[in-house]
Each structure stands twice: as C-alpha cells, then as structure tokens.
Amino acid sequence: MHFSHGDLSTSRFSYMGLPQGSCLSPLLYNFYANDIDECLDNSCTLRQLADDGVVSVTGPKAVDLQGPLQNTLDNLSAWAIKLGIEFSTEKTELVVFSRKREPAQLQLLLMGQTIAQVFTVKYLGVWFDSKGTLGCHIRYLKQKCQQRINFLRTITGTWWGAQPGDLIRLYQTTILSVLEYGCFCFRSAANIHFIKLEIIQYRCLRIALGCMQSTHTMSLEVLSGVLPLKNRFWELTYRLLIRCDILNPLVIENLERHVELNSQTRFMSLYFDYMTQNINPSSYNPNRVLFINTSESTVFFDTSMKDEIIGIPDHIRPQVVPNIFYNKFREVDCSKMFYTDGSNLEGSTGFGIFNQKFTASYKLSDPASVYAAELAAIQYTLGVIDTLPADHYLIVSDSVSSIDAIRSMKHGKHSSYFLGKIRELLSALSDKSFQFTLVWVPSHCSIPGNEKADSLAKVGAIEGDVFERPICFHEFFSIIHQRTLESWQTSWSNGVLGRWLHLIVPKVSTKPWFKGMDVGRDFIRVMSRLMVNHYTLDAHL
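Analysis parameters
Residues numbered from 1 in each chain as written. Predicted model: local features only at pLDDT ≥ 70, side-chain atom pairs only at ≥ 80, totals over all residues. Heavy atoms only, no water. Helix = DSSP H or I, 4+ residues; strand = E, 2+ residues; numbered from the N terminus. Buried < 20%, exposed > 50% of the residue type's maximum accessible area, 1.4 Å probe, protein only. Contact = heavy atoms within 4.5 Å. 1 Å grid on protein atoms, 1.4 Å probe; cavity = no way out; pocket = protein on both sides within 12 Å on 5 of 7 lines; lining within 4 Å. Points joined across faces, edges and corners; volume = space filled by probe spheres on them. Nonpolar A, V, L, I, M, F, W, Y, C, P; charged D, E, K, R; others polar. Axes fitted to C-alpha atoms, helices over the stretch in contact; angles between N-to-C directions. Parallel < 35°, antiparallel > 145°, perpendicular 65-115°, else oblique. Phe/Tyr/Trp six-rings, centres within 6.5 Å; stacked < 30°, edge-to-face > 60°. Lys NZ or Arg CZ within 6 Å of the ring centre and 35° of its normal. pLDDT = per-residue confidence, 0-100. Core = buried A, V, L, I, M, F, W, Y, C linked by side-chain atoms within 4.5 Å. Pairing = 2+ DSSP bridges. Lys, Arg positive; Asp, Glu negative; His and termini not counted. Salt bridge = Lys/Arg side-chain N within 4 Å of Asp/Glu carboxyl O.

Student: Kindly report on the overall build of the chain, identifying the contributing residues and their values.
Tutor: Secondary structure summary: the chain contains 19 helices and 17 strands in total. The principal-axis extents of the C-alpha atoms in the chain amount to approximately 80 × 75 × 65 Å. Of all 541 residues assigned to the chain, the portion counted as buried reaches 43%. For the chain, restricting intrachain contacts to residue pairs at least 6 apart in sequence, the fraction spanning at least 24 positions comes to 69%.

Here is the structure:
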C-alpha cells in the first residue's frame with residue numbers, strides 16, 4: 001500500500017485482510033473459513049450467510065443443549081484464534097425456543113465472555129421470539145411502517161393531493177415491500193397477529209382512494225387492484241419454493257425433514273400443498289448461457305413512443321397512435337419490418353410474427369407466460385432474418401418488458417432460455433453485418449402490423465404447432481399467479497360484505513378501476529365512494 005502527501009511518501013505491506021469492498025473478499029472468505037464445520041458437535045448444526053452464522057441444537061432438556069453448544073463454542077474459539085480472527089461477542093446472542101412458561105436458562109461462553117440470553121433475536125431482518133409466535137416481528141413491521149403511512153397522509157387530503165395511482169405505487173414500493181420481506185417465515189402467524197399487517201394495507205389504500213373509514217376492506221383491494229396480503233404472501237412463498245427447487249435445494253431438504261417427522265403445523269401446510277401440485281421444476285435444467293457482447297453500433301433500441309403518447313387517453317389512442325407510428329417510420333421499407341406478439345387465449349399461449357412477405361404462428365407448451373411468448377417470437381424472427389440478405393431490420397413488439405430485458409442483459413449467466421438464444425443470434429448476425437432496431441409500440445392501438453401479429457398469436461395459441469424449448473423454473477410463476485387470482489376471485493364472489501361494489505366490479509384485477517383514465521383525484525375519490533356505497537350524504541346514513 002502506497003501513501004503520498006506532497007513530498008512525503010511511504011509504503012506498507014499488509015499481511016492480513018483485503019481492501020474494503022474487494023471483489024475477492026467473498027471467495028477468499030469461503031476458502032479461509034471452509035473448515036468451520038469441523039468445529040461443530042455431532043448434535044449441532046450451522047446455518048451461515050456470509051459472516052453471519054447461527055449454531056443450533058435441539059433437545060427435550062436443558063442438559064441436552066448446554067453440553068453440545070458449549071463444546072461447539074469452545075471449538076470455534078480455538079479455531080478463530082488459530083486463524084487470527086475474532087467473533088463479535090457483543091453481537092452474539094442466545095435464545096431458547098420453547099413453549100414452556102419458563103424456558104431453560106443456559107450459561108454459555110464464547111472467547112471467554114458470557115453470551116447474553118434474550119427472548120427475541122433478529123436474524124437477516126426477521127425477528128424471532130422464544131415462543132415462536134412471530135408476534136415481535138409483526139410489531140416491528142407495524143412500527144417501521146407507521147412513519148411511511150404518515151408520509152402518505154402529508155401528500156394528500158380530502159379534496160387535494162397526489163393522484164391515487166401514484167399513491168398506490170408509493171405504497172407498493174415503500175410499505176408493501178417492507179411487509180413482504182421474509183414473509184416465508186411469518187406468513188403462518190396467528191390471525192391475531194396477521195390482521196395487524198392487513199390493517200396497514202387497508203389504511204394505506206383508504207388514504208390513496210379517499211374512501212371513508214367504514215368502507216369494506218376487500219372493496220378497497222378490488223378498487224385499487226392490490227392483492228390481499230394472505231394471497232400475496234402465498235404467491236411469494238410458492239415462488240420461493242419453486243426457485244429453491246433449482247437454486248437452493250437445501251431449503252427443500254429442510255422441509256422434507258419436517259415431512260419425515262410428520263410435522264403438521266401451519267407453517268408446513270403450504271409445502272404439503274406444493275407437494276400435491278404438478279410443479280416440478282427440478283426436472284427441467286435451466287439453460288445457463290454466457291452472454292456474448294453485441295456491438296452497440298449494430299443493435300439499437302427505440303422505445304421513444306412511450307414518451308410521445310403520454311397524456312393520450314386510452315379511448316383516443318386507436319385514432320391518434322397509428323399516425324404517430326406512420327410519421328415516425330414512413331421512410332422504412334415495410335419488408336424490413338417484422339411485427340411480433342404473444343398472446344394467452346383460453347389457457348393456451350402462443351406467438352405470432354407478421355411481415356409483408358412472411359407470417360408465422362406457434363404454440364408454447366405449458367407452463368408458458370405471455371412474456372415467454374414475446375421472447376420466443378423475437379428469437380424466431382431473428383432465425384428468419386438469418387436467411388435473408390444482410391441489412392438493417394426492425395423488430396416491432398408491444399412488450400416493453402421483453403425489449404428492456406434484452407437491452408439490460410449483462411455479461412454473465414442467466415436462466416432464461418430465450419434471452420440467451422436471442423443474445424447468441426444477435427451476436428452471430430452482427431458478425432455478418434446485420435443491423436437491428438427493436439421498436440416498442442403500444443398494444444391495441446390499431447397499428448396494422450401489430451394487430452395482424454396479435455391475430456396470428458391468438459391463432460397460434462389455439463391451433464398452432466408446438467414450439468419446442470426447455471422450460472425454466474420461472475415459467476411456473478404464471479401458473480402460481482393465476483391460482484392466486486382465482487383464490488382472490490373466489491373470496492370476492494362468495495363474500496358477504498361489499499355486494500354493492502360486486503354488482504359494479506364482479507371480476508377482480510391487479511389494475512385499479514381508473515387505470516388509463518385522464519381524471520383527477522377529486523373525481524376518483526367521489527366515484528370510489530359511490531361505487532362502494534359509503535359516502536357522506538344522508539342517504540348513506
């Protein structure tokens with residue numbers, strides 16, 4: 001290490017440690033601490049994330065816990081001294097999980113210092129209490145969200161304030177994201193605790209829509225297009241299990257041990273349901289391809305129409321957008337433009353491609369999302385272009401997520417089969433002097449090529465030939481989302497309260513009722529109150 005200041009300079013050699021933030025730190029730490037498992041007693045286990053670890057042991061009596069834990073801690077102390085590292089005894093805590101009225105008191109030493117025994121402990125952002133009720137974490141979330149709820153109040157009022165759509169997005173990004181973190185651990189908490197989280201959501205949605213306190217809670221969620229918390233947590237937990245089946249099988253192994261022990265707890269209920277479903281992503285190997293860099297001079301992205309159509313109401317767009325598109329690309333040879341689209345119809349997913357001289361439509365085997373179909377259409381189009389003379393071609397899609405995914409791909413590995421294939425084809429075609437522009441256009445705006453591609457996608461979904469490809473684990477997410485919506489729809493259809501709104505909005509949606517309308521907050525507030533039949537007129541009283 002070299003230091004200099006004016007005429008003064010000096011050099012030092014470092015024999016331990018790495019510079020702060022070094023990219024080698026995680027890898028070398030794993031090598032350095034690789035033999036930490038040898039310190040464990042036979043009955044102890046270690047769970048570790050980076051340099052945060054948890055040593056645990058189970059037993060019916062305190063004497064069954066004291067010996068193995070102390071033996072492990074002694075081994076860890078000797079191991080740390082040998083390697084020249086230290087444990088932070090101030091941050092080390094002991095908690096005994098037991099349903100007994102008086103949990104066992106243990107005296108444990110680490111590095112010669114007594115470990116404090118506590119009744120609650122925070123690990124990786126989640127609070128656990130000694131009784132296993134998780135009530136402490138619910139209270140922590142309630143306290144953490146209170147200040148953010150107050151902020152929502154400060155930027156809105158009865159007659160003035162931010163747009164309800166902006167407030168809903170603000171709630172989802174700043175408050176709902178806090179509630180969702182770690183929901184795998186506490187989604188099975190008792191209703192007396194869980195309802196405290198639901199109240200947070202109801203309060204935020206009531207502020208956003210300007211509804212009265214007496215408004216039925218499920219009506220608020222239907223109006224705003226926000227999933228009930230239980231349904232949302234169920235979906236997130238299911239997605240975690242699917243992801244762990246491929247990326248982190250240790251989680252599945254731990255749950256399987258509970259199954260072997262015949263653990264009939266609320267925590268395990270969702271995993272039992274997961275076992276009964278036809279979801280087995282482990283039978284599909286994700287196609288992990290090293291992304292190949294493409295030259296910025298051969299591949300371009302044009303999403304400028306997003307800015308050009310801002311402020312145009314949805315019902316006017318079919319008359320206005322086609323002229324904007326024609327004026328923008330009128331000098332482009334139509335034979336060089338390929339329109340792609342994906343569609344889901346009657347539970348089947350397909351994609352379509354339209355060109356002045358070429359059309360195609362195919363079906364994707366289940367499970368498949370519209371997003372996967374959009375990427376499949378782009379990949380197929382690139383394969384068709386490969387048979388044509390080298391030139392500058394435009395691929396027009398109404399899927400902004402697909403274009404953004406292709407544009408934002410970084411060097412490294414990715415589990416998406418289509419993204420890897422698209423990057424391979426773009427790189428190969430760039431070497432052959434091809435040039436491409438991926439253009440985004442709004443859907444269902446009467447752009448002729450896009451409408452024809454949409455029709456072809458619908459035909460492909462119903463009667464097209466199957467487009468063979470590996471199925472990756474994340475493609476199962478669409479099935480889980482659909483099941484979540486069906487559960488929400490069942491609760492809304494079979495409910496007792498909120499029937500006035502049910503007559504107006506019988507089908508649930510993840511979009512607010514005013515989506516795409518060019519109206520102000522006052523109109524949305526008044527109409528929301530009338531739709532739920534809770535307002536400040538004498539007729540309501």
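Student: Can you explain empty space enclosed by the protein? Please cite residues and give values.
Tutor: One pass over the structure, following the stated rule, counts 1 cavity of 30 Å³ or more. Empty space within the largest cavity amounts to approximately 50 Å³. Of all elements in the fold, only α8 (229-247) and α10 (266-276) reach the threshold of two or more residues within the lining of the largest cavity. Element by element, the count of residues in the lining of the largest cavity is highest for α10, at 3 residues. Residue classes in the lining of the largest cavity are distributed as 6 nonpolar, 1 polar and 1 charged.

Student: Quick rundown of the packing of helix α6 (residues 191-209) against helix α19 (residues 521-532)? Include the residues and the values.
Tutor: Closest axis-to-axis distance for the α6/α19 pair is 9 Å, and the angle between their directions is 120 degrees. Classified by the angle between their axes, α6 and α19 sit oblique to one another. Within the contact between the two elements, α6 uses I207, A208 and L209 and α19 uses R521, I524, R525 and S528.

Student: Please set out the packing of aromatic side chains residue by residue, giving values where relevant.
Tutor: A complete count under the given rule lists 21 aromatic pairs for this structure. With a centroid separation of 6.3 Å and an interplanar angle of 40 degrees, the aromatic rings of Y339 and F354 are classed as tilted. On the criterion of sequence distance, the pair formed by Y339 in strand β12 (residues 337-345) and F354 in strand β13 (residues 348-355) is long-range, its members being 15 residues apart. F354 matches Y339 in its accessibility class, with the two residues each being buried. Through successive ring pairs, a cluster of aromatic residues spans F351, Y362, Y380, F418 and F467. In this structure, R239 is placed above the aromatic ring of F477, and the distance from its NZ or CZ to the ring centre is 4.4 Å.

Student: Can you lay out the confidence of the model for the chain for me, pointing to particular residues and giving the numbers?
Tutor: On average, the chain scores 87 in pLDDT, and the residues at 70 or more come to 95%. Between residues 286-292, whose pLDDT stays under 50, and residues either more than four places distant or in other chains, the model counts 29 contacts.

Student: Could you give an account of the environment of P442, with specific residues and numbers?
Tutor: Checked against the element boundaries, P442 lands in the loop between β16 (435-440) and α16 (448-463). For P442, a relative accessible area of 3% translates into the label buried. Along the primary structure P442 and L227 are separated by 215 residues, whereas in three dimensions their C-alpha atoms are 26 Å apart. Those residues in contact with P442, other than ones at most four positions away along the chain, are M305, I309, V321, D398, I447 and N450.

Student: Give a description of the nonpolar core that names residues and reports values.
Tutor: Of all hydrophobic cores here, the largest spans 50 residues; its most connected members are F325, Y339, F351, L364, L382, I406 and F436. Of all the elements, helix α13 (residues 370-385) adds the most residues to this core, at 9 residues. Other than its neighbours up to four places away in sequence, L382 contacts I395, I422, L425, L426, L429 and F436. Counting residues in each nonpolar core, the second largest holds 44 residues, with V178, C211, L229 and W492 among its members.

Student: Kindly report on the pairing of strand β3 (residues 45-49), identifying the contributing residues and their values.
Tutor: As defined by bridge partners, β3 adjoins strand β4 (residues 52-56) across 5 bridges and the pair is classed as antiparallel. By the bridge assignment for β4, T45 is matched with S56. The loop that links β3 with its antiparallel partner β4 comprises 2 residues; one of these, A50, has a positive phi angle of about 60 degrees.

Student: I'd love a proper account of the side chain of R529, names of residues and values included.
Tutor: Assignment of secondary structure puts R529 in helix α19. No salt bridge is formed by the buried R529. Its closest oppositely charged neighbour is D522, at 8.6 Å. Excluding residues within four positions of it along the chain, R529 makes contact with G210, C211, M212, H534, Y535 and T536.

Student: Hey, could you go over the pattern of salt bridges for me, with residue numbers and the actual values?
Tutor: Overall, the coordinates contain 13 salt bridges when judged by the stated rule. Measuring nitrogen to oxygen at the nearest pair gives 3.2 Å for the salt bridge that ties E308 to K328. Of this pair, E308 sits in helix α11 (residues 305-308) while K328 sits in helix α12 (residues 317-329); the two residues are 20 residues apart in sequence, bridging distant segments of the chain. On the accessibility criterion, E308 (37% relative accessible area) is partly exposed. For K328, a relative accessible area of 30% gives the class partly exposed.

Student: Got a sec to walk through the sheet that holds strand β14 (residues 358-364)? Specific residues and values, please.
Tutor: Pairing within the open sheet is mixed, and its 7 strands lie in the order β11-β16-β15-β12-β13-β14-β17. Edge strands, defined here as strands with exactly one partner in the open sheet, are β11 (299-302) and β17 (465-466). Sitting on the sheet, α12 is in contact with β11, β12, β15 (392-397) and β16, with an inclination near 150 degrees to β12. Sitting on the sheet, helix α14 (residues 400-408) is in contact with β11, β15 and β16, with an inclination near 140 degrees to β16.

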